[in-house]
Amino acid sequence: MQRILLKQADGHPTVAFRLNIDEKHCEDIPNGTVLQMLGREGGFVKVMRGTRCGYVKARNAKLIVSKPAQPVPAKPVPAPVSSPKPVLKEVMTEAATVCNFSFNGTPYTIDLSKESIDPQLSAHDWVMENVANSGLRRSCGVGRCGSCVCTLTFTDQTENRTTHRAFNSCLRPILSCHGMSITSSLGIGNTKTPNPIQAALAQNSGSQCGFCSVGMVMHLYSRLADAGGEALTTAELDKMIDSNYCRCTGYRPILDTYKSFASDAKQLAAKEDPDAVRRAAVFNAVPLPKPEAPVLNIEAPKVPVVKKRVAGSTDGGTQWIQVTTEAQLTSTLKTLQTSNPDDIFLVAGHTSKGVYTEREPDVMVDISGVSTMQNCVLSSSGVEIGSGCTMTDTITFLENVVSSAQADKTIFFKRIAEHAKMSPGSNIRNMGTVGGNVMMAYENQHQGTFPTDWPMLLMAAGATVTFVDTVSDVTTTIPIENFFLVVSMKFKYIKGFSIPYSVPGDMFFSYRTGIRAVYTEAYVMAAMKVNITNKVVAPTDVRVVYNGISSKPVRMIAIETGLSGATVTNQNTFQSLCDTLYTGLPSVIDDYRKSLCLSFFYKFFLGMQPSLPISLKLAKNPWIVKGTTGGTQVFQPSSSKAPVGLPIPKIDGLKQCTGEAEYIQNIAPPKGTLHGCPLLSTAVGDFTLDVSKVTEMGYKGIILAKDVPNNGASLIMDKTSTYIGANLAVVLADDHESAVKAARQVLVTYTNVKTPILTIDEAIQAGSLHPNPPAPVVQGDVSKGFTASDFVVEDTWDLSSQYHFHLETHSALAVPMPEDGGFVVHSATQMPTFVAEGVCTTLGNLPKSKVTVKNKRCGGGYGGKLANSIIPAQLAAVCSNTKNMPVSIIYEQKDNMASVGLRTPCKLTSKIGFNKDGTIVAVQLTPYIDAGITNGSGFSGKAFLGSFDNCYNIPNWNVSVQFAKTNLPANTSMRAPGWLPGIYNAERVITTVARHLNMEAPVVRQNNFYKKGDTTPYGLTLKNWDIDSLWERTREASSYTNRLQSVQNFNKYNRWVKKGLALVPSKFAVGYASSQAGSTKEFDAKLTVHNDGTMTVMCGGTEIGQGLTTKVVQTIAFNLGVDMSIITVAEQNTQIIGSTGASDVTGGSIGSEMTCRAAYNCCAAVNTALAPVRKLLPTATWTQLVAKAYELGIALTFQKMDQGVPGPSDPTGHVYNTYGCVALECTLDVLTGQVDFDRADITYDLGTSSNPAIDIGQIEGAFVIGMGYAMTEKISYDTKGKMAWADYLLPTPWEIPTIMNVTLATEVSNPFTVNGGKAVGEPPITCTYAAIEAVEQATNAAAADAGKSPSPSKSVPFMLQERQAAGYPDYKSFTLV
């Protein structure tokens, strides 16, 4: 009889596992217990202990046949890590002795005979658990964002060379790093001796919040290190960033930094851009300094010297087995046939973890060391690609073959290499293998589809696959399309692929279209191959393959048959084949996918034509090819208050780039810290929780509603969930990963389930509205206005929500302070004072003196870490209070997205009256704002009511806001909350009028502009109105008139590729919360001058990437006449900041200017205190003055608020306006809906900029976030409310304007701020309506060609499907001439 050994690592209590007997009873099983095994049921092993039967999770058990278990040996401490936490519990083999690797040059050993470790434990998580000051960051955890990117250095066995590759450390198992070196940004430099890449990125203002910076550094470092001195061009480096997100900068300064390391950087920099010179002259401005080509001398990491690793045991249960030869792999699979585990998982880079996020296989076999499966070789018939060859190496190999072989033999290779670079991203391609990619497609064909490109490309090229069956010892080679018919690949492995040479006459095309250009799952992909002689398709081996329309790549046999022998120039043949294709497509796919299939087929036919008219030449391209990015940034210099006014890099920029900057997740947790994972609701109704099935080792309990001392706000739901994404509990464990896994194992049972209200339309239909909406804003009489209008039209427009995607997710660390009964809470928040108050309230109204909230910086915020940051801090504090232990909560990115609120969606219903000349007479507007389950969106409504007019003087308005109540988390502020839909609304009104009158939108705009001194409907007098001047200068600087003519000419001569050019203004009203003039009391600062003259300042405003602390230090340096280097910024501490009564809420783009005023007031107090000392010592240095003041007993510590700000001038609290204009040009592929933005000219009046480098970065970053909102960032749910979080895609550098020009125009110095500047973080996002208008112009041009009326966007974002449909690409209208 088989027996089962329960085995765990030492360092835990003696209870190893929990035996689940039934739903209510369980029994603790001591470590080393041997039980009789009765069988397997799902993921559990059924066992008998004495006379009692029960279940143990299979992954935690090791099977022993015919012999009793031996005691588990005590685990020694593996040097050089002190007391590593054994966080993993899969049974390891006695045969697999050690895993040796190095991190940042320090060798580490994991002794697998003494330590139990989860085979899926990532390199990132092992390092974070075991290495202090690693410099690592983690955000998405699935390889999409690039925050965790490090360099992996190893010996390429096939070429016997040291290789350096950027890799997602959150994906690759630490055990798979055996014999390798891992390097983070902190391993290549620090602030004392920075690496040139780190220094350049910081100097070029390429780091704002800084959370992405280490990944950006290592992504470039890996490429340069691997190049080994090989020259890389500007064009190559410009296209590198395809799988690293930056949410702050808009990518431009990062791309400039990358390109500064190119071999041709100096040569290109020496060329003067006459257009840039002309634009600068228009504004009397100077360019922002461009990065100089750094001197780079990379000292690449060394491969560690390691012992040879022995393959692992093949006993049953969850195992990790590493093999280094095909013979070992075959032997391992043969041995496993005896125990016959359900899930055997062959892994190399383990990039599939990003897709199989919850997969826990029985056996993992690491084949990354099998060199014979990594070979790429030429053969007499083509190329042989080993299945273990990475996608990166395969692409490189194919490119090398193309460059050295006869052109007509390498047509397939060239196109495959070009196409394969589009997706997945390079960090994934560096580790992921071709064989693994094909296997994922094979496995997923029975569970849906895995829309990947490699199987389709190989199939179209006529490739074969070779696989080995270890049961029958048979090696089989078959066409790859037949591979998907293989019944099972269990105990089999793919050996490699053969791709044949092309022959003269061969043509090979491929296509893909996804939400964005790169690293995105495509809606549809296609690859097509023919051989043509004299315009006739040879009847041999025609291949037309589609993917994304079925569960696997499919050959369209009817089309292939119809093409055989066809004349490619025959229009009737083409149309007949289109009809055949259309009728042969699966009926279940949506109209857009069907249309894409036909569009790709049209492009294919155009590509086969011997010649094309000019109107069709661009249409044949598979996708729009983006040019090399560029642009200039100019500002009007002001050095009278230096260092205020100078383009100084962020003071924290370098430490952010090296990895020395500390975020909440980098704080070393106190000993005994527990980690929590919120358990979120997935339904609306009553619920019960069952933890009896939780078998995760390290599980430490669950926190429920009953544990919350004051749960009045339903921090944790009690028996009933009222919305999806609500906290049902918090699951605790010894480490973060175990907490996440344990939370998955909690059984949640719902009863009395209600259909959730998920949309505004559903809320309106159900009458689900929040009470007490704000009073309407009424100006004039809209009824009379409509009567007096020549035209009256109605419009409805849906604006989606938007996710902040701050790369640092919500994080909090609560530490109990037993001595005084209080808590210190480290919180990633934009409002620390309110977090402290929230924690006090939740813990039973603790005195404020008992709770201290601390924060140094946030890794992004954008409004997402305002009110909703209170929740994670409260949860951590409740858990800490219950367990009397420190508790850390770091949200998983998908939980972050699903539970803490988004930008408020908005439905705009309007009625517009206007005249023939474009003058708008009246607008009646009802915005429905989705507040979520509770209405915390009052500020968004208020901001909407202060922005709906934008720049237009319309005499009659009636605006009535309503708040929809849905069964989703309370929505929250997101960069420009309320302002964005408000200004979008005004611009929608303009384009609606222009479309109906067939007028150019800029003409309608100018006809309705405000004049200086006008008053808005909400009472703000426009004393400093300057849009007219900005408008005209933007037109001139952008060459708008000439470019508009060029766009019109382009559209005239191109049928299926169109351009659009929009010119859009923005008026962004900035306000302060208090209505008491001269005493806003919003922000404070505390400045301490030490006796050596150095200073420490603590800011009430939070540094979230916007450069607040840098501007504060500049302000202090100027007003005290000192160097910035002697000023240190202290961590926020709510026992100090906020104690004056200031709210210290960093939002509304006023944090920097208000904190600067508070710091200015501190400086004024210091200067007053030092005045008598200056009289005594008129020639003394600063240090001497301070020393004398201390000698005289003069105190030099002051805490001040932002008093002295003029009060608001309208009822909504607005004080001044930030003005801007944008000219934006796009190119649209009408056949697919793909759009590329060619050029943006962005002009902003920011008064007198405190720091042009920071302000320009804020403009660019806000603008790109707005472009994501307008074009790609779609939030979607299924009918049950499950969010498709993996489909939510941020812009990459491929989505930003190719040329992005930014100009700071000082029209009037702002009298309301201490340095004369204006709010900058949010206003530029509102100009991105230009993206929608430019694309609409392109679709309108296509509609006109089709004889159709223009079709405006129905919703935001203006997605591919809608863009394509608006251009009317009916396949019946496809022509070949």
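Conventions adopted
Residues numbered from 1 in each chain as written. Predicted model: local features only at pLDDT ≥ 70, side-chain atom pairs only at ≥ 80, totals over all residues. Heavy atoms only, no water. Pairing = 2+ DSSP bridges. Helix = DSSP H or I, 4+ residues; strand = E, 2+ residues; numbered from the N terminus. Axes fitted to C-alpha atoms, helices over the stretch in contact; angles between N-to-C directions. Buried < 20%, exposed > 50% of the residue type's maximum accessible area, 1.4 Å probe, protein only. pLDDT = per-residue confidence, 0-100. Contact = heavy atoms within 4.5 Å. Phe/Tyr/Trp six-rings, centres within 6.5 Å; stacked < 30°, edge-to-face > 60°. Core = buried A, V, L, I, M, F, W, Y, C linked by side-chain atoms within 4.5 Å.

1. Structural notes on the sheet that holds strand β49 (residues 1197-1201)
In step 1: Strands sit in the order β47-β46-β45-β49 across an open sheet of 4 strands; the sheet is mixed. What marks the edges here is a single partner per strand, and that holds for β47 (1127-1129) and β49. The sheet shows a mean angle of 20° between the axes of neighbouring strands, direction not considered.
In step 2: Both strand β46 (residues 1095-1099) and β47 contribute to a ladder of 3 bridges, which runs parallel.

2. A few points about helix α5 (residues 252-259)
In step 1: By the criterion of burial, α5 is predominantly enclosed, with 8 of the 8 residues buried.
In step 2: Restricting attention to buried positions, one finds in α5 the residues Arg252, Pro253, Ile254, Leu255, Asp256, Thr257, Tyr258 and Lys259.

3. Examining the sheet that holds strand β44 (residues 1057-1071)
In step 1: A sheet is described by the order of its strands in space; here 6 strands give the open sequence β13-β27-β52-β51-β50-β44, paired in mixed fashion. The strands lining the two open edges of the sheet, one partner per strand, are β13 (286-287) and β44.
In step 2: Pairing analysis gives 10 bridges linking strand β50 (residues 1214-1229) to strand β51 (residues 1235-1245), with the strands arranged antiparallel. In the strand pairing of β51, glutamate 1225 is matched with arginine 1239.

4. Concerning the confidence of the model for the protein chain
In step 1: Overall, the prediction assigns the protein chain a mean pLDDT of 90, with 90% of residues at 70 or greater.
In step 2: pLDDT under 50 marks residues 1-17. Its contacts with residues more than four places away, or in other chains, come to 72 contacts.
In step 3: Here residues 307-317 scores under 50 on pLDDT; set against residues more than four positions off or in separate chains, the count is 46 contacts.

5. A short note on unusual backbone geometry
What is expected of a backbone is that most residues other than glycine have negative phi and most peptide bonds are trans.
In step 1: A cis amide bond links serine 423 with the next residue in sequence, proline 424, at an omega value of 0°.
In step 2: Positionally, proline 424 belongs in the loop between α10 (411-420) and α11 (426-431).
In step 3: Of note, the amide linkage connecting alanine 642 to proline 643 takes the cis form, showing an omega dihedral of 10°.
In step 4: Mapping proline 643 onto the fold places it in the loop between β27 (633-635) and α19 (653-658).
In step 5: One non-glycine residue with positive phi stands out, namely asparagine 884, at about 55°.
In step 6: With respect to the secondary-structure elements, asparagine 884 resides in the loop between α24 (870-883) and β39 (887-890).

6. A short note on the packing of aromatic side chains
In step 1: This model, assessed by the stated rule, comprises 41 aromatic pairs.
In step 2: With centroids separated by 5.4 Å and ring planes inclined at 15°, the aromatic side chains of tyrosine 511 and phenylalanine 600 adopt a geometry described as stacked. Placement of tyrosine 511 in strand β22 (residues 506-514) and of phenylalanine 600 in helix α17 (residues 591-608) is noted, with a sequence separation of 89 residues between them. For the residue pair tyrosine 511 and phenylalanine 600, the accessibility class agrees, reading buried in each case.
In step 3: Between the aromatic rings of phenylalanine 604 and phenylalanine 605, the centroid separation amounts to 6.2 Å while the plane-to-plane angle is 85°, which identifies the pairing as edge-to-face. Each member of the pair phenylalanine 604 and phenylalanine 605 is classed as buried.
In step 4: One aromatic cluster is present, formed by Phe509, Phe574, Phe601, Tyr602, Phe604, Phe605, Trp1056 and Phe1374 through successive ring pairs.

7. Observations concerning the nonpolar core
In step 1: Of all hydrophobic cores here, the largest spans 210 residues; its most connected members are Tyr546, Leu563, Phe601, Phe604, Phe605 and Tyr984.
In step 2: Those residues in contact with tyrosine 546 that lie beyond four places of it in its chain are Val524, Met525, Ala526, Met528, Lys552, Pro553, Val554, Met556, Leu581, Cys597, Phe600 and Phe601.
In step 3: Counting 79 residues, the second largest nonpolar core, distinct from the first, contains Leu171, Met431, Leu457 and Met489.

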